[in-house]
Amino acid sequence: MRTFLLSIICMMALGTCLAQTTKEERMKYIRKCYADAKKKIDANGKNGQSPKDMRIILNRLEDEDIPLYDTEQLDFFFEEKMVDGLATKQQPYFIAENWGNHGHIRYREVLLDPKDHQVIFCYMRGETDAGFVVESRYYYDTKGQCIEQKHNTENSWTMPETEKENAEYYIRLFNMVTCNGYFTPLDLDKPKKPTTPKAERLKHIRALYAQAKAKSAANDKAEMPNDLHIILHDLGDNQPPRTTKTRIYFDKDGIYFINQSSKSMQLDGYNEYLFEPKTKDLIFSYSRGGEEGQVYEWRYYFDENGDCIETKTNNTDETDDGFYDKRAANDYQAIFELLNGHEE
C-alpha cells in the first residue's frame with residue numbers, strides 16, 4: 001500500500017511538472033498571441049467582414065490660465081459571438097493608447113489572452129518635449145505576475161503592477177461604454193427637492209437647450225475644444241453592421257450636452273441629452289428612430305427631482321417616462337468621471 005501511495009504521489013508531481021509552462025514557452029506564447037492580434041487588426045473591417053472596434057477621444061483644456069491641452073485616444077479591438085440570437089461583445093483582445101500634452105507624447109499597447117481575456121503583455125513608449133524617450137515591455141504569466149520586463153533606460157516611468165492596473169482600467173472603461181454587463185444604478189430614493197411650476201420649468205429647459213446647442217456648435221469650431229468622442233463599430237441587434245457615434249460636451253463643471261447617432265442597414269437613430277448647468281442633472285432628452293420608412297420621436301422633460309413632467313411623442317404605444325434615457329445619461333456621466341479622474 002505504501003509503495004502504491006508513493007507511486008500516486010510521484011505521478012501527481014510529475015503531472016504538475018509537465019503541466020507547468022516554462023518562461024521561454026510563456027514568452028513564445030505571448031509573442032504568438034501578439035502576432036495573431038496584429039493580423040486580426042489588419043483584417044478588421046476587410047474581406048467583407050464588418051469592423052468591430054471602438055475609439056474614444058478625450059480632448060480637454062486642463063487650465064484656462066495655463067493652456068495645457070490634453071488629448072487622449074484609446075482604440076479597442078474585440079470580437080462578437082452570437083448568444084441567443086444576439087451579437088454579444090467579447091472582452092477586447094488588443095487596446096492601444098495615444099496621448100499628448102504640450103509636446104509630451106505617450107503610446108501604449110495592451111494584449112489580452114484570447115483564451116481567458118487576462119492581460120498578458122503591456123508596452124509603453126513615452127517621449128518628452130525635449131526628446132527624451134522611454135520604452136518598457138512587460139510580460140505576465142497565467143497568474144498575472146510579471147515574468148519579464150525590458151527597458152531602454154534605467155529611468156523607467158512605469159512598473160509591471162501599475163501598467164497592469166492601467167490595463168484593467170481600460171477594460172473597465174470598455175465594459176462601461178459597451179454596457180457589457182455594466183449599468184450605473186439610478187438613485188431612486190434620494191430626498192425630493194422643491195419644484196418650479198411646469199410652465200416655468202419648460203421655459204427654463206427650452207432656454208438651456210438653445211444655449212447648449214450654441215455652446216456645443218462653438219466648441220466644434222474651437223481650436224482647443226472640450227469634448228469626448230466615442231465611435232463604436234459593431235453588429236446591431238438584428239446583426240447588420242452598425243456605427244454609433246457619441247459626442248459628449250463638457251466644461252469645468254461637467255457635462256452639459258450629449259448627442260448620439262446610430263446607423264445600420266435597418267436602423268437610423270439619434271439621441272440628445274441636456275443637463276442642468278448647476279446640478280448636472282438630466283433635464284431633457286430627445287430620441288428619434290427610423291425603421292422600415294416609419295420615424296418615431298420622443299421628447300421627455302424632467303423636473304428638479306428627475307421626474308418626467310412632459311412627454312411628447314408620435315408613438316403613443318411606447319413610452320417609459322424617460323427611464324432608459326435617464327439611465328443612459330447616468331452611464332455617460334460615470335464614463336466621463338472615470339476618464340476625467342483617471343491619474344497615471
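Below you will find a few notes about this structure. In this text, all values refer to a predicted model and were calculated from it rather than measured experimentally. (Residues numbered from 1 in each chain as written. Predicted model: local features only at pLDDT ≥ 70, side-chain atom pairs only at ≥ 80, totals over all residues. Heavy atoms only, no water.)

Another aspect to go through is the overall build of the protein chain. In terms of helices and strands, the protein chain carries five helices and 16 strands. On the principal axes, the C-alpha backbone points of the protein chain span a range of 90 × 55 × 50 Å. The buried share of the protein chain, reckoned over its 344 residues, is 43%. Contacts spanning at least 24 positions in sequence make up 47% of the contacts within the protein chain whose residues lie at least 6 apart. When the accessible surface of the protein chain is split by element, carbon and sulfur atoms take 52% of a total near 19,600 Å². Side chains of the protein chain carry 46 positive and 59 negative charges; the gap between the two charge centres is 3 Å. (Helix = DSSP H or I, 4+ residues; strand = E, 2+ residues; numbered from the N terminus. Buried < 20%, exposed > 50% of the residue type's maximum accessible area, 1.4 Å probe, protein only. Contact = heavy atoms within 4.5 Å. Areas by Shrake-Rupley, 256 points an atom, 1.4 Å probe, with all protein chains shown as cover. Lys, Arg positive; Asp, Glu negative; His and termini not counted. Charge placed at Lys NZ, Arg CZ, Asp CG, Glu CD.)

Here strand 13 (residues 268-275) lies mainly inside the structure; seven of its eight residues are buried. As paired strands, strand 12 (residues 254-264) and strand 13 are joined by seven bridges and run antiparallel to one another. Each residue of the ladder has a partner; that of Phe257, found in strand 13, is Leu274. In sequence, strand 12 turns back onto strand 13 through a hairpin of three residues. (Pairing = 2+ DSSP bridges.)

Compared with an ideal rise of 1.5 Å per residue, which puts 18 residues at 26 Å, helix 3 (residues 160-177) spans 26 Å between its outermost C-alpha atoms and is within 8% of the ideal. Within helix 3, 13 of the 18 residues are buried, which leaves the element mostly enclosed by the surrounding structure. (Expected span 1.5 Å × (residues − 1).)

Here the focus is the pairing of strand 12. Within strand 12, eight of the eleven residues are buried, which leaves it mostly tucked inside the rest of the structure. Pairing of strand 11 (residues 241-251) with strand 12 involves ten bridges; the strand directions are antiparallel. Each bridged residue has a counterpart across the sheet, and for Ile248 the counterpart in strand 12 is Ile258. Taken together, strand 11 and the strand that follows it, strand 12, pair antiparallel across an intervening segment of two residues.

Inside soluble globular proteins, nonpolar side chains tend to come together where they are buried. Met54, Ile56, Phe76, Val110, Leu173, Tyr273 and Leu339 are the most contacted members of the largest nonpolar core, which has 42 residues in total. The residues touching Val110, leaving out its near neighbours within four places in the chain, are Tyr93, Phe94, Ile95, Val119, Phe121, Cys122, Ala167 and Tyr170. Residues Ile30, Ala96, Leu111 and Phe121 belong to the second largest nonpolar core, which totals 14 residues. (Core = buried A, V, L, I, M, F, W, Y, C linked by side-chain atoms within 4.5 Å.)

What follows covers the pattern of salt bridges. Tallied over the entire structure, the rule returns 27 salt bridges. Linking Asp251 and Lys280 is a salt bridge whose minimum nitrogen-to-oxygen distance equals 3.7 Å. Taken together, the residues Asp251 in strand 11 and Lys280 in the loop between strand 13 and strand 14 (282-291) connect sequence positions 29 residues apart. A residue is classified by how much of its surface remains accessible, and Lys280, at 10% relative accessible area, is buried. (Salt bridge = Lys/Arg side-chain N within 4 Å of Asp/Glu carboxyl O.)

So, on to the packing of aromatic side chains. Following the criterion strictly, the structure yields 18 aromatic pairs and no others. Here Tyr249 and Tyr256 contribute two aromatic rings whose centre-to-centre distance is 6.3 Å and whose plane-to-plane angle is 35°, an arrangement assigned as tilted. On the basis of relative accessibility, which here comes to 2%, the residue Tyr249 falls in the buried class. Judged by its relative accessible area of 7%, Tyr256 falls in the buried class. For the pair Tyr249 and Phe257, a centre-to-centre distance of 6.3 Å together with 35° between the ring planes defines the contact as tilted. Each member of the pair, Tyr249 as well as Phe257, is classed as buried. By the ring-pair criterion, three or more aromatic residues cluster together here, those being Tyr209, Tyr249, Tyr256, Phe257, Phe284 and Tyr301. The side chain of Lys40 reaches across the aromatic face of Tyr93, ending 4.7 Å from its centre. (Phe/Tyr/Trp six-rings, centres within 6.5 Å; stacked < 30°, edge-to-face > 60°. Lys NZ or Arg CZ within 6 Å of the ring centre and 35° of its normal.)

Take unusual backbone geometry next. The phi torsion at Lys280 lies on the positive side, around 65°, for a residue other than glycine. In this model, Asp321 sits at a positive phi of 60°, which is unusual for a non-glycine residue. Looking at where Asp321 falls in the secondary structure, it is placed in the loop between strand 16 (308-313) and helix 5 (323-341).

To continue, consider the layout of surface pockets. Here the largest pocket is characterised by a volume of approximately 1,700 Å³. Every residue lining the largest pocket is counted, 48 residues in all, and those nearest its centre are Asp237, Arg242, Gln260, Ser262 and Asn271. Of all the elements, helix 5 adds the most residues to the lining of the largest pocket, at seven residues. (1 Å grid on protein atoms, 1.4 Å probe; cavity = no way out; pocket = protein on both sides within 12 Å on 5 of 7 lines; lining within 4 Å. Points joined across faces, edges and corners; volume = space filled by probe spheres on them.)

Before going further, it helps to spend a moment on the environment of Asp129. Mapped onto the elements of the fold, Asp129 is located in the loop between strand 7 (119-127) and strand 8 (133-140). Taking the relative accessible area as the measure of exposure, Asp129 reaches 53% and is therefore exposed. Sequence separation between Asp129 and Ala222 is 93 residues, and the spatial gap between their C-alpha atoms is 24 Å. In contact with Asp129, not counting residues within four places along its chain, are His102, Gly103 and His104.

Moving on to the state of the cysteines. Tallying each qualifying case throughout the model produces zero disulfides. For the unlinked cysteine Cys146, the closest cysteine sulfur is that of Cys122, found at 9.0 Å. Accessibility expressed as a relative area gives 28% for Cys146, which makes it partly exposed. (Disulfide = S-S within 2.5 Å.)

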